[in-house]
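A closer look at the structure
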Amino acid sequence: MAAALVIILLLGGWEAYARLGSIDDFILPAPDQVAASLVDDRGLLWDNLLVTAQEVVLGLALALALGLLLALALHHFAPLRRAIYPLLVGTQAIPIVTIAPLLAAWFGYGLLPKLVIVALVCFFPIVVTTLDGLAAVDPEQHKLLRTLGASRAQTFRWVEAPAALPAALSGAKIAVAVGGIAAVFAEYAGSENGLGHLLLQSIPQLETARAWATVVVLAALAVACFSLLALAERQLTPWAHRKDPDA
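Structure report, in brief. All figures in this text were calculated on a predicted structure; none of them were measured in a lab. (Residues numbered from 1 in each chain as written. Predicted model: local features only at pLDDT ≥ 70, side-chain atom pairs only at ≥ 80, totals over all residues. Heavy atoms only, no water.)

Some thoughts on helix 4 (residues 78–90)
Cut-off, in case you're wondering: The way it works is that DSSP assigns letters per residue, a run of H or I at least four long becomes a helix, a run of E at least two long becomes a strand, and they are numbered from the N terminus. To estimate how far a helix should reach, multiply one less than its number of residues by 1.5 Å. Values of bend correspond, residue by residue, to the angle between axes fitted over the seven residues ending at that residue and the seven starting there.
The terminal C-alpha atoms of helix 4, which comprises 13 residues, lie 19 Å apart, in line with the 18 Å expected from a rise of 1.5 Å per residue. Roughly 30 degrees is the biggest bend found in helix 4, and it falls at Ile84, with proline Pro86 one to four residues downstream.

Here's the deal with the pattern of salt bridges
Put simply, the test is: Each salt bridge in this description consists of a side-chain nitrogen of Lys or Arg and a carboxyl oxygen of Asp or Glu lying within 4 Å of one another. Burial classes: relative accessible area under 20% of the type maximum marks a residue as buried, over 50% as exposed, and values in between as partly exposed (1.4 Å probe, protein chains only).
Scanning all chains against the criterion turns up one salt bridge. Across the salt bridge formed by Arg210 and Asp41, the nearest N and O atoms sit 3.4 Å from each other. Remark: Asp41 occurs in the loop between helix 2 (31–40) and helix 3 (42–76) and Arg210 occurs in helix 10 (residues 208–236); sequence separation between them is 169 residues. No difference in accessibility class separates Arg210 from Asp41, as the two residues are buried.

As for the environment of Gln54
The following threshold applies: We call two residues in contact when some of their heavy atoms are within 4.5 Å.
Within the fold, Gln54 resides in helix 3. Judged by its relative accessible area of 41%, Gln54 falls in the partly exposed class. Residues Gln54 and Ala183, spaced 129 residues apart in sequence, show a C-alpha to C-alpha distance of 9.7 Å. Leaving out residues up to four positions away in the same chain, Gln54 has contacts with Gly59, Leu111 and Leu115.

Some details on helix 2
The criterion, for reference: Here the arc refers to the set of directions running from the helix axis out to each C-beta atom.
Of all the residues in helix 2, the buried ones are Pro31, Val34 and Ser37. Down the axis of helix 2, the buried side of the element spans an arc of 115 degrees, and every buried residue falls inside it. On the buried face of helix 2, the contacting elements are helix 1 (2–20), helix 3 and helix 10.

So, the packing of aromatic side chains
Operational definition: Here the aromatic set is Phe, Tyr and Trp, taking the six-membered ring for Trp, and pairing holds for ring centres within 6.5 Å; pairs whose planes are under 30 degrees apart are stacked, those over 60 apart are edge-to-face, and all others are tilted. As a reminder, the over-ring test applies to NZ of lysine and CZ of arginine, requiring each to be within 6 Å of the ring centre and within 35 degrees of the ring normal.
Considering all chains together, one arrives at zero aromatic pairs under this definition. Of note, Arg81 hangs over the ring of Tyr85, and the distance from its end group to the ring centre comes to 5.4 Å.

Observations concerning the layout of surface pockets
The line we're drawing: Both site types are read off a 1 Å grid over the protein atoms alone. A 1.4 Å probe that fits but cannot get out defines a cavity, while an open set with protein on both sides within 12 Å along at least five of seven lines defines a pocket; lining residues have an atom within 4 Å of a point. Grid points are joined across faces, edges and corners, and a volume is the space filled by probe spheres set on the points. Side-chain classes follow a simple rule in which Ala, Val, Leu, Ile, Met, Phe, Trp, Tyr, Cys and Pro form the nonpolar group, Asp, Glu, Lys and Arg form the charged group, and the remainder, Gly included, forms the polar group.
When its volume is computed, the largest pocket comes out at roughly 410 Å³. If you trace the largest pocket, you find 18 residues lining it, with Thr91, Gln92, Leu120, Val121 and Phe123 closest to the centre. The set of elements that each furnish at least two residues to the lining of the largest pocket consists of helix 3, helix 4, helix 5 (96–107) and helix 6 (111–135). Across the lining of the largest pocket, the residue classes tally to 16 nonpolar, two polar and no charged.

By themselves, these observations are geometric and do not establish any function.
Given below as structure tokens:
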């Protein structure tokens, strides 16, 4: 309810500013015009949403697979971690908007460069949170399993995996919040469809209401993906969630 109230206040302030101010509609449309565009352009928005959603979902899946594998490798091999981890951190200093056109020129203008760009953005938080989850395992649990004669695979199955999975999913939730932005940058670099392409087209055509509607759809996509990951996290890792008596 509190969040809904904040949204209502923001939309009310936006509506009043757009209607009572001196700004033209093609510069800042009122919320009711954006809502009208959501209805009038729903077919166009839906078709482009499917393209961007595919890029985000597949890119996130690729980042999850590679991120988990790398996190496990860095956790089990300390020399590899000392060599790779600083480079991994350094990659975050590279603005994705600058390398998106380079990747598009390298891989072409199909789906592949967009998956690579989304995966690059989503990759880092997954690796870092998974490593933190693995490092948070109680050393006494390792000692206990060694005393019981557990193998390396059994130790991973019963101790490390339950610790790493909630952390990895938390990293995925962080990643998906920016995965849509990465997809839009990828589409800016070269695409014939997608929400980023639609946004890039709408602004020069002075279809500002449609551009804002595209932003709303993109935000809804991020919220939907985040919610699905949160649901998956609760279903896959019930041991990581305890009922809050104050909730």
